[in-house]
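Per-entry structural report
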Amino acid sequence: MAVKKILTIISLIIVIIIMVLLNLIILLRVKHYPQVELELVKIKEYYIYGRTFNIKGFLDKKISKEDITNVALVLNNGHENIYINTIYEITKQQITFRISDEINNGLLLDKLPVGEYFILLNVIYRNKDSKFYTLQNETSYNNLNYYTLNKNNKTNHIKISFINEKKNPYALSFLHLTIKDINMPYHIYDIVIDPGHGGHDSGAVVNDVYEASTVLEIALQLEEELTQAGFKTKLTRYGDYNPGGAWIDPYWEEGRVNLPHNVKAKYLFSIHLNSAPYRMTKGGVEIYAPNNANLTLASSLASNIVQYAKTTYSPNHFNKRDNGVYIRTFNSDDIQESINDAKRRHYEPYDVTLDTTYHYIIRESGGIITKAYVDGRNKRYKPNNYYNSNIGVEAYLIELGFMVNYYDLHNLIHNKRSYAIGIKEGIIKYLNNEKSPSRVVNK
Ligand SMILES: [Zn+2]
């Protein structure tokens, strides 16, 4: 009889354990969303540039600086919160915030786990209160669509969109983010390489060496190197033609600016050879980066080209930000020239300022983020389809060396592949070290 009793007790214990486990499983599956406050966060800007997401806005609530200790964005999937640090300040008794001041240094999308999230603002008050606020769209921007870098023919497809955008100020609005693991679509690419010039436009010519054909050879070798490293890579041209069509228009359908956007490229590297109106005793590399960008990738490109191609940094000091790294924006002469051109051709002058990026390939590929402006008013060019886009391709103009320097020219003719390897190594070393301003906290 004792045995029967023990068996009954054991089976009872087993039943209790199973019930507890079942309850635990059910409890774990119930999603837990934080309670949100009535005040709204008004979003003034949100975009993806390169591979990062940035968002700017303010909390519509009177607050004083002494009241708060931290402001973060939170990605909540019902189980856990991913906290994204923000830069915030109190102006006119309101909290304004953004993820980063550098256009290519926001939330790194490639590192987010697959899932479905709401994005909320979390404010920690001095009295330890932690409050959540939902985001309301105050822009006229489009929803965002992004594909992470190719990994063995797989990618994460990320959609970022506002849901419930009613004008009623009390209707709750949410910023929604979904990440799905899918096979890499055939028409999506990671990197576009743009060999400068082509066709009627041969670029600089020195001693029968043509810039257009030299950069094409290097671009083809770079494509080989990057493809071997696992990237999906495309060129803006594969032969001696101009991707701008017969009129050499960069805004042509398959032109230099449209193509990287059409294939949702993360990076655009435009490859050129430098020139000058005189022989140079010193040559070297110049990388032109977008204004307001973090320059880590540009520096990595410059130092790796110098190392692998056994060349030097350019001796040029104008617009220099780091060894071999430059940012050129419109100066007052450029602005005047832009106004004069508008007068000559009878169009309303573009709104260019001292912080507008000068090189069109960098500026126009970045959309609103880099202040692209080619909207069709100048009839010389077709409008840039993406001048108003809040998704920008992170673009760099790479001047590999000076054709008017004897050493550079010789090196560019005889050691082409070393330049391609330098660019590839610059990209890979940068990607291996990159960090995102976020931390995961389970709650
Ligand atoms: Zn060129």
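Residues numbered from 1 in each chain as written. Predicted model: local features only at pLDDT ≥ 70, side-chain atom pairs only at ≥ 80, totals over all residues. Heavy atoms only, no water.

A few words on the overall build of the protein chain. Across its full length, the protein chain holds 8 helices and 23 strands. Based on the C-alpha atoms only, the size of the protein chain along its principal axes is roughly 105 × 60 × 40 Å. Counting the 443 residues in the protein chain, one finds 52% classified as buried. Surface summary for the protein chain: the accessible area is close to 21,900 Å², and the carbon and sulfur share equals 54%. (Helix = DSSP H or I, 4+ residues; strand = E, 2+ residues; numbered from the N terminus. Buried < 20%, exposed > 50% of the residue type's maximum accessible area, 1.4 Å probe, protein only. Areas by Shrake-Rupley, 256 points an atom, 1.4 Å probe, with all protein chains shown as cover.)

Scanning the entire structure with this criterion turns up 22 salt bridges. A salt bridge links R51 to D110, with the shortest nitrogen-to-oxygen separation between them at 3.5 Å. Here the residue R51 occupies a position in the loop between β1 (41-49) and β2 (52-59), and D110 occupies one in the loop between β7 (107-108) and β8 (115-125), the gap between them amounting to 59 residues. For D341, the salt bridge goes to R345, with nearest N and O atoms at 3.1 Å. (Salt bridge = Lys/Arg side-chain N within 4 Å of Asp/Glu carboxyl O.)

Moving on to helix α7 (residues 406-414). Where α7 is concerned, the buried positions are D408, L409, N411 and L412. Down the axis of α7, the buried set is contained in an arc of 165°. They therefore lie on one face. Turned more than 90 degrees off the buried face of α7, the exposed positions are Y406 and H414. Structurally, α7 contributes buried residues whose contacts are with β14 (205-206), β15 (209-210), α2 (211-228), β17 (267-274), β22 (394-402) and α8 (416-433). Where α7 begins, the side chain of N405 points an oxygen toward the backbone nitrogen of Y407, at a separation of 3.2 Å. (Arc of directions from axis to C-beta. Contact = heavy atoms within 4.5 Å. Polar contact = N/O pair within 3.5 Å; in protein donor to acceptor, adjacent residues only side chain to side chain.)

As for its placement among the helices and strands, N54 is situated in strand β2. Judged by its relative accessible area of 1%, N54 falls in the buried class. When near neighbours in sequence (up to four residues on either side) are disregarded, N54 contacts E45, Y46, Y47, R98, I99, S100 and E102.

The protein atoms that coordinate the zinc ion are H197 (NE2), E211 (OE) and H272 (ND1), at distances spanning 2.0 to 2.2 Å. Residue H272 is classed as buried on the basis of its relative accessible area of 14%. (Donors = N, O, S within 2.8 Å, 3.2 Å for Na, K, Ca; no water.)

A few words now on the packing of α2 against α8. The description of two helices packed together rests on the angle between their axes and the distance between the axes. Their axes nearest at 8 Å, the elements α2 and α8 cross at an angle of 50°. Comparing their axes, α8 and α2 come out oblique. Between α2 and α8 lies a crossing whose hand is right-handed. Residue-level inspection shows T214, E217, I218, Q221, L222, E224, E225 and L226 of α2 in contact with α8, the latter providing K416, R417, Y419, A420, I421, I423, K424 and I427. Residue composition of the contact of α2 with α8, grouped by class: 8 nonpolar, 2 polar and 6 charged. (Axes fitted to C-alpha atoms, helices over the stretch in contact; angles between N-to-C directions. Parallel < 35°, antiparallel > 145°, perpendicular 65-115°, else oblique. Left-handed = near helix turned anticlockwise from the far one by under 90°. Nonpolar A, V, L, I, M, F, W, Y, C, P; charged D, E, K, R; others polar.)

Take the packing of aromatic side chains next. Here the structure, examined in full by the defined rule, presents 12 aromatic pairs. Ring geometry for Y46 against F162: centres 5.4 Å apart, planes inclined by 70°, an arrangement best described as edge-to-face. Placement of Y46 in strand β1 and of F162 in strand β11 (residues 154-163) is noted, with a sequence separation of 116 residues between them. Each member of the pair, Y46 as well as F162, is classed as buried. Ring pairing ties together the aromatic residues F330, Y347, Y350, Y358 and Y373, which thus form one cluster. For the cation-ring pair, R328 lies above Y358, with the distance from its terminal atom to the ring centre recorded as 3.6 Å. (Phe/Tyr/Trp six-rings, centres within 6.5 Å; stacked < 30°, edge-to-face > 60°. Lys NZ or Arg CZ within 6 Å of the ring centre and 35° of its normal.)

Time to look at the sheet that holds β17. Hydrogen bonds between backbone atoms are what pair the strands of a sheet, whose relative direction is either parallel or antiparallel. The mixed open sheet is built from 7 strands, whose spatial order is β16-β13-β17-β22-β18-β20-β19. For this open sheet the edge positions go to β16 (233-235) and β19 (320-322), each flanked by a neighbour on one side alone. The sheet strands contacting helix α4 (residues 296-308) are β17, β18 (286-288), β19, β20 (325-326) and β22, and the helix crosses β22 at an angle near 25°. (Pairing = 2+ DSSP bridges.)

Judged by how many residues are buried, strand β4 (residues 80-85) sits mostly within the fold: 5 of 6 residues are covered. In this structure, strand β3 (residues 68-76) lies alongside β4, joined through 5 bridges in antiparallel fashion. Pairing of V74 across the sheet is with Y83, part of β4. The antiparallel pairing of β3 with β4 creates a hairpin that spans 3 residues between the two strands, and G78 there sits at a positive phi of about 95°.

This brings us to α2. Spanning 18 residues, α2 covers 26 Å between terminal C-alpha atoms, matching the ideal 26 Å at 1.5 Å per step. For α2, the set of buried residues is E211, A212, T214, V215, L216, I218, A219, Q221, L222, E223, E225 and L226. Two residues or fewer after α2 comes G230, characterised by a positive phi angle close to 105°. (Expected span 1.5 Å × (residues − 1).)

We note that K92 has phi near 50°; this positive angle belongs to a residue other than glycine. Inspection of the secondary structure assignment puts K92 in the loop between β5 (87-91) and β6 (94-98). Even without being a glycine, N319 presents a positive backbone phi close to 65°. Counting through the fold element by element, N319 comes out in the loop between α4 and β19.

Assigned domains of the protein chain: these are domain 1 (41-185) and domain 2 (191-433). Taking only C-alpha atoms into account, the centre of domain 1 sits 32 Å from that of domain 2. Each partner contributes to the interface: domain 1 provides 22 residues, whereas domain 2 provides 23 residues. Roughly 1,900 Å² of surface becomes buried between domain 1 and domain 2 when both sides are summed, with 57% attributable to carbon and sulfur atoms. Considering only the surface of domain 1 that becomes buried against domain 2, Y49, I103 and N104 emerge as the three largest contributors, covering 31% of it. Inspection of the region where domain 1 meets domain 2 yields 0 salt bridges. For the interface between domain 1 and domain 2, the tally reads 14 residue pairs in polar contact (both at pLDDT 80 or more). Elements with a minimum of two residues in the side of domain 1 that touches domain 2: β1 and β10 (144-147). (Domains from an automatic or database assignment. Buried area = accessible area lost by both parts, 1.4 Å probe.)

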